[in-house]
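Architecture and fold: a report
Listed below are the residues making up each chain.
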Amino acid sequence: MDMYPIDLRLEGRAALVAGGGAVAHRKVAGLLAAGAAVTVVAPELVPPLAALAADGRITWLARLATAEVFASLPRALLVFCATDNRAANAAFGKAAKEAGALVNDATTPGLCDFFLPAALRDGDLLVTVSTGGASPALARTLKKRLAARLGASWGDWLERLAGLREEAKERIEGSAGRETFWRAALSEHILNLVEEDRLDEAEAEIRHALDCFGTES
Ligand SMILES: C[C@@]1(CC(=O)O)c2cc3[nH]c(cc4nc(cc5[nH]c(cc(n2)[C@H]1CCC(=O)O)[C@@](C)(CC(=O)O)[C@@H]5CCC(=O)O)C(CC(=O)O)=C4CCC(=O)O)c(CCC(=O)O)c3CC(=O)O
Ligand SMILES: NC(=O)C1=CN([C@@H]2O[C@H](COP(=O)(O)OP(=O)(O)OC[C@H]3O[C@@H](n4cnc5c(N)ncnc54)[C@H](O)[C@@H]3O)[C@@H](O)[C@H]2O)C=CC1
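All figures in this text were calculated on a predicted structure; none of them were measured in a lab. (Residues numbered from 1 in each chain as written. Chains lettered and ligands numbered in written order. Predicted model: local features only at pLDDT ≥ 70, side-chain atom pairs only at ≥ 80, totals over all residues. Heavy atoms only, no water.)

Concerning the packing of aromatic side chains
As a reminder of what qualifies: Here the aromatic set is Phe, Tyr and Trp, taking the six-membered ring for Trp, and pairing holds for ring centres within 6.5 Å; pairs whose planes are under 30 degrees apart are stacked, those over 60 apart are edge-to-face, and all others are tilted. Under the scheme applied here, a residue whose accessible area is under 20% of the maximum for its type counts as buried, over 50% as exposed, and between as partly exposed, the area being computed with a 1.4 Å probe on protein chains only. Put simply, DSSP H or I for four residues or longer makes a helix, DSSP E for two residues or longer makes a strand, and each gets a number counted from the N terminus.
This structure, assessed with the given rule, holds 4 aromatic pairs. Ring geometry for F181 against W182: centres 4.9 Å apart, planes inclined by 75°, an arrangement best described as edge-to-face. Residue classification places W182 among the buried positions, given a relative accessible area of 15%. Between F181 and F213, the ring centres sit 5.4 Å apart and the planes meet at 70°, which makes this aromatic pair edge-to-face. Separated by 32 residues along the polypeptide, F181 in helix α7 (residues 175-185) and F213 in helix α9 (residues 199-216) bring together distant segments of the chain.

Structural data, given as structure tokens:
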């Protein structure tokens, strides 16, 4: 069955992470960057997680992660089972699934409701690479390769484009017209200008196209 790709807005949402090692820390760092309210359940924490707990950026429950402990915790939308004990992860994840949460099990891909992709960001631009659990190392490597190929201008360009898009919404009537405009406007030529970091020129050309489109339609 195909995985369903989705970008989640997690600001203020509760997320639960079982385990206090390097893998748990990677999951926690991503969750905090998205503004989630994170609780970690583990008898001990690696130093970076301990620092987050000391700063009050995460809630730490110094217990083993078990189904019983899960039942005592507030409801969470997402639950990460990231201990190094597969049986403990499976039991904690089972309790979480029964409570309606979506579960990520770092030790057993077959028990995951969702996987984390390798993510590359530049401003609002987010490129993710997934391998369906087949090779996380490839996901990571491809992400790095894409980052090197993409160059540094796309986040800035996206910011400009968001403004141009608002203008186009006002000036071009109907979604079919706007679709036609944008498919033509984001031409190979424009993309090449962006790649060469010639953003002023690219923006001027899109503005010109917008003026022309406005008079034609
Ligand atoms: C199923 C999944 C569940 C999940 O955790 O979401 C999962 C499972 C497992 N990972 C394992 C190993 C490694 N994972 C990484 C790295 C990442 N793993 C991530 C996601 C995922 N890992 C999900 C699938 C995503 C997909 O397939 O696309 C990334 C992309 C995202 C993230 O975690 O944030 C992040 C890169 C982040 C970045 O750099 O951007 C590396 C490489 C490294 O660290 O250098 C290694 C060692 C090399 C190797 O094994 O490939 C093992 C075996 C452990 C063991 O052998 O004991 C399991 C369990 C198993 O497969 O049995
Ligand atoms: N999904 C992924 O991205 C990856 C997964 N892994 C797997 O993830 C597992 C964890 O890796 P690391 O964080 O590097 O291990 P680690 O050894 O650094 O940390 C394990 C942590 O789990 C805690 N723990 C153990 N039993 C527990 C329980 N019952 N309840 C709560 N906490 C418990 C320990 O106290 C420790 O904090 C490994 O088994 C590894 O095979 C490894 C690499 C990537």
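Past the structure itself, the notes keep going.
A closer look at the UniProt feature "domain: Sirohaem synthase dimerisation" (unreviewed entry) in the protein chain
Here is the rule: UniProt positions are given in the numbering used here, feature names are shortened, and annotations may be inferred rather than shown by experiment.
The feature "domain: Sirohaem synthase dimerisation" (unreviewed entry), as given by UniProt, occupies residues 153-210 in the numbering adopted here. For residues 153-210, the helix share is 84%, the strand share is 0%, and the end-to-end C-alpha distance is 22 Å.

Description of the site of ligand 2
The line we're drawing: Proximity criterion: a residue is near a molecule or strand once any of its heavy atoms comes within 4 Å of it. In the analysis that follows, any N or O atom pair within 3.5 Å is treated as a polar contact, provided that within protein one partner can donate a hydrogen and the other can accept it, and provided that, for residues neighboring in sequence, both atoms belong to side chains. Only the protein chains shown count as cover for residues, and the accessible areas themselves come from Shrake-Rupley with a 1.4 Å probe. Note that Gly is not counted as nonpolar here; it falls among the polar residues with everything else outside the nonpolar set of Ala, Val, Leu, Ile, Met, Phe, Trp, Tyr, Cys and Pro and the charged set of Asp, Glu, Lys and Arg.
The full set close to ligand 2 counts 19 residues, and G20, A22, V23, R26 and A65 are the nearest of them. K27 is positioned such that a nitrogen or oxygen atom in its side chain is 3.5 Å from an oxygen atom of ligand 2. A65 is positioned with one of its backbone polar atoms (N or O) 2.7 Å from a nitrogen atom of ligand 2. In the complex, the protein chains occlude 66% of the 870 Å² of accessible area that ligand 2 would expose alone. At 4 residues, the largest contribution of residues to the shell around ligand 2 is made by helix α1 (residues 22-33). Here the residues of the shell around ligand 2 are counted per class, giving 10 nonpolar, 5 polar and 4 charged.

What about the sheet that holds strand β4 (residues 78-81)?
For the record, the criterion: Between any two strands, at least two bridges found by DSSP are needed for them to pair. Every axis corresponds to a line fitted to the C-alpha atoms, with the helix fit spanning only the stretch in contact, and the corresponding angles, defined between N-to-C directions, vary from 0 to 180 degrees.
The strand order across the open sheet built from 5 strands is β3-β2-β1-β4-β5, with neighbouring strands paired in parallel fashion. Two strands lie at the open edges of the sheet, namely β3 (59-61) and β5 (102-105), each paired on one side alone. Between one strand axis and the next, the sheet turns by 20° as a mean value, whatever way the strands run. Bridge analysis of β4 against β5 gives 4 bridges, and the strand direction is parallel. Paired with V79 across the bridge in β5 is V103.

Regarding the site of ligand 1
For ligand 1, the set of nearby residues contains 20 residues, the closest of which are K27, N104, T131, G133 and K143. In the model, an oxygen atom of ligand 1 is placed 2.6 Å from a nitrogen or oxygen of the K27 side chain. In the environment of ligand 1, an oxygen atom lies 2.7 Å from a nitrogen or oxygen atom belonging to the backbone of G133. Residue composition of the shell around ligand 1, by class: 10 nonpolar, 6 polar and 4 charged.

Quick look at unusual backbone geometry
Peptide bonds are, in most cases, trans, and in most cases residues other than glycine have a negative phi. Of note in this structure, D197 is not a glycine but carries a positive phi near 65°. When you line up the elements, D197 lands in the loop between α8 (188-195) and α9.

Section: the pairing of strand β1 (residues 14-18)
For the record, the criterion: A clockwise path from the first strand over the helix to the second, with the strands pointing away from the viewer, defines a right-handed crossover.
Where burial is concerned, most of β1 is hidden: 4 out of the 5 residues are buried. Note that β1 and strand β2 (residues 37-41) share 5 bridges and pair parallel. Bridge pairing in β2 places V17 opposite V40. Following the chain from β1 across α1 to the adjacent parallel β2, one finds a crossover that is right-handed. In this structure, β1 lies alongside β4, joined through 4 bridges in parallel fashion. Across the sheet, the residue bridging to L16 is V79, located in β4.

Re a negative patch on the surface
As a reminder, the rule being used: Patch definition: residues with relative accessible area over 30% and no salt bridge; like charges joined within 9 Å; nonpolar side chains (Val, Leu, Ile, Met, Phe, Trp, Tyr) joined within 5 Å. Definition used for salt bridges: Asp or Glu carboxyl oxygen within 4 Å of a side-chain nitrogen of Lys or Arg. We count Lys and Arg on the positive side and Asp and Glu on the negative side, and we leave His and both chain ends out. Every charge is mapped onto a representative atom, which is NZ of Lys, CZ of Arg, CG of Asp or CD of Glu.
Together, D124, D156, E159 and D197 give the surface a local cluster of negative charge. You can see E159 is positioned in helix α6 (residues 154-171). Look at E159 and you get exposed, because its relative accessible area is 63%.

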